[in-house]
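Structure assessment
Residue-level listing of the chains:
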Amino acid sequence: MAESNPLPSWLDGPSKKVIAEYVEAVTRSGSPDLIPEPARMAQLRVRLEAEPEVGDNPMVQAALKGDVATLLANHHHGLVEVLTLTHSEMTTEDFSASVDHWIRTARHPRFDRPYDQCTYRPMRELLAFLRSRGFKTFIVSGGGQDFMRPWTERVYGIPPEQVVGSRGRVRYELRNDRPVLVKTMESLFVDDREGKPAGIHEFIGRKPVLAFGNSDGDKAMLEYTTLDNPYRSLGLILHHTDAEREYAYDVNPGSTGSLVEAKADAPKRGWHLVDMKEEWATVFDGG
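Note that this is a predicted model, so its numbers are computed, not measured. (Residues numbered from 1 in each chain as written. Predicted model: local features only at pLDDT ≥ 70, side-chain atom pairs only at ≥ 80, totals over all residues. Heavy atoms only, no water.)

**Comments concerning the environment of A128**
Our working definition: A helix here means a DSSP run of H or I that spans at least four residues, while a strand means a run of E at least two residues long, and both kinds are numbered starting from the N terminus. With a 1.4 Å probe rolled over the protein chains alone, any residue whose accessible area is under 20% of its type maximum counts as buried; one over 50% counts as exposed, and the rest are partly exposed.
Examined against the element boundaries, A128 turns out to sit in helix α6 (residues 121-132). A128 gets classed as partly exposed once you look at its relative accessible area, which sits at 39%. In this structure the C-alpha to C-alpha distance between A128 and I158, which are 30 residues apart in sequence, comes to 9.8 Å.

Below, the structure is given as structure tokens:
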């Protein structure tokens, strides 16, 4: 039965126990920690030819050199900047089409599989479990908002309106009697660190009761969720400890932000560290 073990990719251990106990306590009728359902919120080259000066941007230079580490450092800040530069003045529909093409054709250099097949199976199970108990789930990421929205519903079950990410302004135009929204470089907002609580407030309008992060970029979101919350809350941090199946790092990550400050604060804040190697039976589908 699915409900008897809603997290089959999680090994029996402290993290699975903490999650199960929390969800039971805040969703059981008559529980002193019951959270009403509405409040159950969980947060898991052409341009260069026309404008050569764009090539002076260090992140553009990194992209041209294939320096993936620089682009992906600090929660993909460099990649977001390059995407904003190169896709400015593109309609949102054309941008979504380009993202869809990339998702269908690009493969991860280490795992040799499409990027949308490099999502964590245990996290997808957790999201489904939370939704089955009346939680509304969101993605709050430093990644580009328009980059994630075309595929998150298919992969995570999270619709585009529940994805909050880094973004610039769009403007409305009527092109050949067709209404379009055009991406711009104006007011670039990076949804990371202190930007995450701001993004949650602006786009969601409710304080979450559960937050799951994996880097120092999530520290402010964890604080916002768990400190001075009128409801019982839970903060979780994924600790990347599995060099064989994924990566093992704290200070020098290969593809996301470092985990130093949030890890140090976890004991005093009551945030729970999830050990990937010791607590996940599988990481990706098929292994």
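**Structural notes on helix α11 (residues 261-269)**
The periodicity of an α-helix, 3.6 residues per turn, causes residues three or four places apart in sequence to face the same way. Convention followed: This arc is taken over the directions from the axis of the helix to the C-beta atoms. By the convention used here, residues are in contact when the closest approach between their heavy atoms is within 4.5 Å.
Listed in full, the buried residues belonging to α11 are A262, D265 and A266. Taken down its axis, α11 places every buried residue within 130° of arc, on the same side. Residues of α11 that are exposed and angled more than 90 degrees away from the buried face: A264, P267 and K268. Packed against the buried residues of α11 are α10 (219-226) and β8 (234-239). Just downstream of α11 lies G270, where phi reads positive at about 80°.

**Structural notes on the nonpolar core**
Keep this limit in mind: As used in this record, nonpolar core signifies buried Ala, Val, Leu, Ile, Met, Phe, Trp, Tyr and Cys residues forming a set joined through side-chain atoms within 4.5 Å.
Y22 and W280 are the most contacted members of the largest nonpolar core, which has 28 residues in total. In this structure, V140, V164, A266 and W271 belong to the second largest nonpolar core, which totals 14 residues.

**A look at the pairing of strand β9 (residues 272-275)**
Selection rule: At least two bridges found by DSSP between two strands is the condition for calling them paired.
Side chains H272 and V274 project from β9 onto a buried face, and the interleaved L273 and D275 project onto a face without burial. Pairing geometry for β8 and β9, over 4 bridges, is parallel. When the sheet's bridge partners are listed, H239 is paired in β9 with D275.

**Section: the pattern of salt bridges**
Stated formally: Counted as salt bridges are all cases of a side-chain nitrogen of Lys or Arg within 4 Å of a carboxyl oxygen of Asp or Glu.
Within the structure shown, the criterion is met by 23 salt bridges. Among the salt bridges present, the one from R171 reaches E89, with a minimum N-O distance of 2.5 Å. A residue pair is termed long-range when its members are at least 10 positions apart, and R171 in strand β5 (residues 170-175) and E89 in the loop between α4 (68-87) and α5 (92-105) qualify at 82 residues. Given the relative accessible area of 40%, E89 is considered partly exposed. Linking R104 and D100 is a salt bridge whose minimum nitrogen-to-oxygen distance equals 2.9 Å. Linking R104 with D100, this pair stays in helix α5, spanning 4 residues, or about one helical turn.

**A short note on unusual backbone geometry**
Even without glycine at this site, N176 takes up a positive phi of about 50°. Residue placement: N176 occurs in the loop between β5 and β6 (178-183). Classification of N176 by relative accessible area gives exposed; the value is 80%. Despite not being glycine, R193 shows a phi value in the positive range, around 50°. For R193, the location among the structural elements is in the loop between β6 and α9 (195-203). Judged by relative accessible area, R193 falls into the partly exposed class, the value being 33%.

Purely spatial values, then, with no claim about function.
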